[in-house]
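Inside the fold
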Amino acid sequence: MNEVHGGGPARHDLHDGWTLRALPNPQTPADVPEAAGAPGVPEAARVTVPAGIAGRVIPATVPGCVHTDLLAAGLIPDPYLDDHEKGLAWIGRTDWVYETTFDRPPGDADRTDLVCAGLDTVATLTLNGVVVGRTENMHRGHRFDVRALLRDRDNHLAVRFDSAYRYAEAHRDRLGDRPNAYPEPFQFIRKTACNFGWDWGPTLVTAGIWQEIGLHTWSTARFTDVRPLVSVADGVGTVAVHVAVERAADVPLVVRATVAGASVETVVPAGERTAVLDLTVRDPRLWWPRGYGDPHRYPLTVTLGTLDGTPLDDWTRLIGFRSVRLDATPDPHGSAFTLVVNGLPVFVRGVNWIPDDVFPNRVTRDRLAHRFDQAIGANVNLLRVWGGGRYESTDFYDLADSLGLLVQQDFLFACAAYPEEEPFRTEVEAEAREQVSRLAVHPSLVLWTGNNENIWGWHDWDWQEPLAGRTWGRGYYLDLLPRIVAELDPTRPYWPGSPWSGREEIHPNDPAHGTTHIWDVWNTDDYLKYREYVPRFVAEFGYQAPPAYATLRRALSDDPLAPDSPGMAHHQKAIDGDLKLRRGLDAHLPAPADFDEWHHLTQVNQARAIACGVEHFRSHRGVCMGTIVWQLNDCWPVTSWSAVDGDGRRKPLWYALRHAYADRLLTVQPRDGAPAGGGGLALVAVNDGSQPWRAAATVTRRTLTGELHAKTSYELDVPPGSTVTLPLPPDLARPEESTRELLVAEAGESAERALWFFAEDKDIPWPAAAHDASVEPVDGGVRVRVTARTVLRDLTLYPDRLDPTAEVDRALVTLLPGETVTFTVRAAGPLEPAALTSRPVLRAVNG
């Protein structure tokens with residue numbers, strides 16, 4: 001038992017000495033937690049624990065979960081490999097018990113509380129044979145007074161977890177089923193929804209002590225909540241520190257708060273439990289999102305004591321002075337959706353974030369820091385924490401704060417009609433209050449969102465008839481949650497859903513109003529359809545591709561690999577996913593001759609699809625003020641919409657995002673009314689930087705051999721936060737041979753060049769790729785220099801095929817004859833030069 005002492009209470013971690021065992025059958029109804037409301041245990045719910053695990057006691061890691069403990073004990077195969085997931089479904093239908101012993105902590109405090117930061121999910125806690133509490137919500141903490149139950153030595157603590165399936169199915173049967181996106185009961189339990197499987201995730205229904213657990217000893221009083229509400233206006237920063245206390249003695253208390261040289265103190269009279277302390281800071285340094293300034297933070301310290309100066313409790317966090325509001329003003333285009341930070345409109349260059357691992361104890365601070373570095377490397381400025389996952393950790397938010405990354409946090413409701421009856425309404429309110437209070441301190445958090453796609457689902461997914469008037473979550477999104485945010489965190493905007501139009505009388509996914517999700521592209525339509533939308537804010541859009549080759553080889557034993565080989569098929573969770581991938585290839589690219597070509601071309605097509613959408617949406621900056629790509633990351637090795645795969649490797653999409661999300665973007669876009677006629681072309685220069693963009697630009701029309709056919713020049717002068725659209729003249733926009741020509745737009749070193757091909761790759765008579773290449777060693781890797789002898793379309797180097805640790809600094813480079821590119825590859829070991837410069841490691845669309 002480790003002890004951590006603050007100014008008053010002492011914290012004693014209970015993370016050691018735990019064991020885990022399976023209970024042989026679902027418990028009898030009398031043993032089921034009362035809140036579960038389970039009418040009984042149907043025979044179908046009974047499971048057989050495999051021989052070798054039944055009756056066996058194994059060491060347990062806390063925080064952790066059952067799956068990782070069984071894996072560490074060598075009792076189950078890795079559920080991420082091959083199709084092992086299918087053989088482990090019994091785990092989520094089994095009851096489990098964690099047990100440990102500990103000695104009473106030293107001292108004679110007034111109170112000793114058992115504090116559980118997170119239990120997954122339906123838990124019964126027993127101390128020395130006495131039930132001290134029951135829980136049924138993974139997304140909130142619990143505290144139990146256990147002082148009277150403790151003995152000096154060998155206290156026995158057991159935490160039994162009942163099957164999440166049995167709990168959810170019992171509530172489903174009691175309340176009546178409700179529609180959702182997948183045939184699982186995830187909306188009938190307050191638990192990570194994607195544990196039950198998603199179109200990118202495995203079905204691995206976890207259980208366990210997933211966050212810290214320990215004893216808190218304290219006397220007289222302690223903080224139950226410290227909630228600073230920070231604002232800034234006209235050069236004056238204010239902090240309203242809301243505190244709440246729990247008492248063991250009815251005496252006056254002194255609360256003191258200090259930040260940036262300002263201090264204030266107040267007395268909480270006997271009998272009272274709350275206070276507000278107001279601090280004022282003149283001319284504070286502001287917290288800015290990345291790209292706009294430094295994300296400066298100040299330490300805020302709040303202390304609790306008695307009138308005679310005895311310290312009782314303390315609390316210290318880093319805060320940032322910044323303002324945020326949401327501009328949803330009606331205008332001629334519909335109604336806006338613009339985040340305004342410190343008075344400046346921010347174009348959101350975002351990505352959706354899902355849990356980075358099915359098993360949260362694996363997601364360390366270092367792992368999050370690496371993933372955030374990848375996001376920043378792709379020029380991302382906002383992470384949306386999606387509503388089918390978890391409220392993210394303190395480490396997640398502290399890193400976002402320190403890096404200037406904006407965060408949009410969904411409340412945890414996704415793709416389903418959620419019951420509003422008890423016990424869910426009470427649990428949802430307690431969960432929301434806890435999480436809003438916990439996260440209010442973080443300047444990176446700029447938007448609360450009520451749910452993911454549930455209001456849209458009620459409108460468009462044939463829910464209304466099967467619901468037959470039953471509750472589906474509307475009361476949460478349009479009443480309960482906005483009231484809680486308004487009460488506890490009025491410094492931040494709340495938006496009822498993603499998507500949401502702003503008013504119930506307007507369709508929730510109307511692109512002209514509020515936020516929209518675009519999923520006809522991918523599901524039914526080609527990615528060029530993105531250009532038919534001029535939305536106000538795109539909160540989801542995405543396109544699939546398989547993970548990196550090294551990730552596939554680690555995860556799958558298929559020999560040979562094929563798009564439809566058993567492991568590949570199991571790690572494709574989307575409905576008709578492979579058919580949609582094939583449809584996308586057929587529309588744009590040559591037919592792949594083998595798996596290696598299929599793998600390369602599907603990754604290229606994903607990158608092109610998202611680049612097409614992002615560049616189009618950004619070219620309409622002012623009407624459209626944000627894009628959030630689905631998705632940055634994966635939770636396991638899978639074919640999905642991610643830019644970074646389940647092993648943390650960057651797919652070609654990541655490099656395309658880095659280009660499309662650059663502060664300064666050149667892009668050639670179709671524009672009606674441009675002088676080419678019949679739907680002309682324009683050069684659009686987008687400046688999301690803080691300085692004016694002034695540069696000489698040229699646009700040339702060339703053949704695939706590089707021969708110049710037409711040229712025009714422009715002087716760019718693009719103010720910060722704006723775009724300039726320059727129609728192209730007919731001699732540029734009208735090719736002589738559409739299948740043999742392209743446009744090249746350049747602005748020197750100020751931005752990457754833009755290309756426009758007049759025909760699809762599948763229709764272009766590409767020459768066989770030819771190049772000269774050299775390899776030279778550098779510290780930590782090699783430098784590969786490639787000079788084109790023919791056009792090389794989307795030249796990409798895949799060094800992970802040679803060394804799983806290898807990474808390359810660029811991808812998707814198109815070269816005209818005579819042009820040169822240098823790739824820098826970092827790897828843990830030596831790389832064979834001949835292999836680095838030949839297929840399948842180095843390849844282009846045309847060879």
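These numbers were taken from a predicted model, which means no experiment stands behind them. (Residues numbered from 1 in each chain as written. Predicted model: local features only at pLDDT ≥ 70, side-chain atom pairs only at ≥ 80, totals over all residues. Heavy atoms only, no water.)

1. Considering the overall build of the protein chain
A count of helices and strands for the protein chain gives 16 helices and 49 strands. On C-alpha atoms alone, the protein chain measures out to a radius of gyration of 29 Å, which is about the 29 Å that the 2.2 N^0.38 rule sets for 847 residues. With the principal axes as the frame, the protein chain shows a C-alpha extent of 90 × 65 × 60 Å. Here the contacts in the protein chain between residues at least 6 apart in sequence split such that 70% fall between residues at least 24 apart. Total accessible area on the protein chain is roughly 30,500 Å²; 49% of this is exposed by carbon and sulfur atoms. (Helix = DSSP H or I, 4+ residues; strand = E, 2+ residues; numbered from the N terminus. Rg over C-alpha atoms; globule rule 2.2 N^0.38 Å. Contact = heavy atoms within 4.5 Å. Areas by Shrake-Rupley, 256 points an atom, 1.4 Å probe, with all protein chains shown as cover.)

2. Comments concerning the pattern of salt bridges
In this structure the tally under the stated criterion is 65 salt bridges. Two residues, R256 and E265, come together in a salt bridge whose shortest N-O distance is 3.4 Å. With a relative accessible area of 36%, R256 lands in the partly exposed category. E597 is the salt-bridge partner of R839, the closest N and O atoms lying 3.1 Å from each other. One end of the pair, R839, is in the loop between α16 (833-836) and β49 (842-843); the other, E597, is in helix α13 (residues 595-619), and 242 residues separate them in sequence. Sharing partners across several salt bridges, the network here consists of R111, D113, R143, D145, R222 and E246. (Salt bridge = Lys/Arg side-chain N within 4 Å of Asp/Glu carboxyl O. Buried < 20%, exposed > 50% of the residue type's maximum accessible area, 1.4 Å probe, protein only.)

3. Some words on the side chain of E246
Position of E246 relative to the elements: it lies in strand β17 (residues 236-247). E246 sits in the buried class, given a relative accessible area of 19%. A distance of 3.0 Å separates a polar atom in the side chain of E246 from a polar atom in the side chain of R111. Only 2.9 Å separates the side chain of E246 from the side chain of R222, close enough to count as a polar contact. Once you skip the residues sitting within four places of it in the chain, E246 turns out to touch R111, R143, W218, T220, A221, R222, T224 and R273. (Polar contact = N/O pair within 3.5 Å; in protein donor to acceptor, adjacent residues only side chain to side chain.)

4. Some remarks on α13
Look at α13: 36 Å from first C-alpha to last across 25 residues, which is about the 36 Å you get at 1.5 Å a residue. The distance from a side-chain oxygen at the start of α13 to the backbone nitrogen of D596 is 3.3 Å, and the residue carrying that oxygen is D594. (Expected span 1.5 Å × (residues − 1).)

5. Looking at the sheet that holds strand β46 (residues 807-808)
Think of a sheet as strands paired side by side through backbone hydrogen bonds, with each pair either parallel or antiparallel. The antiparallel open sheet is built from four strands, whose spatial order is β43-β44-β48-β46. The sheet is open, and its two edges are formed by β43 (771-778) and β46, each paired on a single side. Here two bridges tie β46 to strand β48 (residues 820-826), and the two strands are oriented antiparallel to one another. If you follow V808 over to β48, its bridge partner there is V825. (Pairing = 2+ DSSP bridges.)

6. Side note on the layout of surface pockets
Reported here for the second largest pocket is a volume of approximately 1,400 Å³. The wall of the second largest pocket is formed by 48 residues, among which H659, R753, L755, R793 and D794 lie closest to the centre. Broken down by secondary-structure element, the contributors of at least two residues to the lining of the second largest pocket are α13, α14 (652-660), β36 (664-671), β42 (754-757), β45 (792-797), β47 (813-815) and β48. Among the elements that line the lining of the second largest pocket, the one with the most residues is α13, at six residues. When grouped by side-chain class, the residues that make up the lining of the second largest pocket number 24 nonpolar, nine polar and 15 charged. (1 Å grid on protein atoms, 1.4 Å probe; cavity = no way out; pocket = protein on both sides within 12 Å on 5 of 7 lines; lining within 4 Å. Points joined across faces, edges and corners; volume = space filled by probe spheres on them. Nonpolar A, V, L, I, M, F, W, Y, C, P; charged D, E, K, R; others polar.)

7. Digging into the nonpolar core
Ranked by internal contacts, the top residues of the largest apolar core, which has 158 residues, are W198, F411, L657 and F823. Looking at this core, the element that brings in the most residues is α13, giving 11 residues. Ranked by size, the runner-up nonpolar core spans 35 residues in total, among them L14, W18, I76 and A207. (Core = buried A, V, L, I, M, F, W, Y, C linked by side-chain atoms within 4.5 Å.)

8. Structural notes on the pairing of strand β11 (residues 155-162)
Judged by how many residues are buried, β11 sits mostly within the fold: seven of eight residues are covered. Bridge analysis of strand β5 (residues 96-102) against β11 gives seven bridges, and the strand direction is antiparallel. What sits directly across from Y98, in β11, is V159. Here strand β8 (residues 122-127) pairs with β11 via six bridges, running antiparallel. Across the sheet, T126 pairs through a bridge with A158, a residue of β11.

9. Regarding the pairing of strand β37 (residues 680-687)
Looking along a regular strand, one sees side chains alternate from face to face of the sheet. Taking burial as the measure, the eight residues of β37 include eight buried ones, the bulk of the element. Pairing analysis gives eight bridges linking β36 to β37, with the strands arranged antiparallel. Within β37, the residue paired with L666 across the bridge is A685. The pairing of β37 with strand β40 (residues 722-727) spans six bridges and is classified as antiparallel.

10. What about empty space enclosed by the protein?
Taken as a whole and assessed by the stated rule, the structure comprises seven cavities of 30 Å³ or more. In this structure, the largest cavity spans a volume of roughly 60 Å³. What lines the largest cavity is P228, L229, V230, G320, R322, A440, V441, H442, P443, D489, T491 and R492. When the residues that make up the lining of the largest cavity are grouped by side-chain class, the tally is six nonpolar, three polar and three charged. There is about 60 Å³ of room inside the second largest cavity. Its residues placed into classes, the lining of the second largest cavity shows five nonpolar, two polar and two charged.

11. Details of the packing of helix α5 (residues 424-439) against helix α8 (residues 474-488)
Packing of α5 against α8 leaves a shortest axis separation of 10 Å and a crossing angle of 35°. The crossing of α5 and α8 is right-handed. For the pair α5 and α8, contact is made by F424, R425, V428, E429, A432, R433, V436 and S437 and by Y476, D479, L480, L481, R483, I484, V485, E487 and L488, respectively. Of the residues that constitute the contact of α5 with α8, the class distribution is 10 nonpolar, one polar and six charged. (Axes fitted to C-alpha atoms, helices over the stretch in contact; angles between N-to-C directions. Left-handed = near helix turned anticlockwise from the far one by under 90°.)

12. So, the packing of helix α12 (residues 577-588) against α13
Angle between the axes and distance between the axes are the two parameters that describe a pair of packed helices. Between α12 and α13, the shortest axis-to-axis distance is 10 Å and the interhelical angle comes to 80°. In terms of axis orientation, α12 runs roughly perpendicular to α13. In contact with L581, G584, L585 and H588 of α12, α13 contributes W598, L601, T602 and N605. Residue composition of the contact of α12 with α13, by class: four nonpolar, four polar and no charged. (Parallel < 35°, antiparallel > 145°, perpendicular 65-115°, else oblique.)

13. Remarks on the packing of aromatic side chains
Applying the stated criterion across every chain yields a total of 40 aromatic pairs. Considering the side-chain rings of W198 and W200, the 6.5 Å spacing of their centres and the 35° angle between planes classify their relative orientation as tilted. In terms of burial, W198 and W200 fall into one category: buried. Here the aromatic rings of Y476 and Y477 are separated by 6.3 Å at their centres, their planes lie at 70°, and the arrangement is edge-to-face. Among the residues examined, Y477 registers a relative accessible area of 0% and is labelled buried. Positioned over the ring face of Y549 is R801, at 3.8 Å from the centre of the ring. (Phe/Tyr/Trp six-rings, centres within 6.5 Å; stacked < 30°, edge-to-face > 60°. Lys NZ or Arg CZ within 6 Å of the ring centre and 35° of its normal.)

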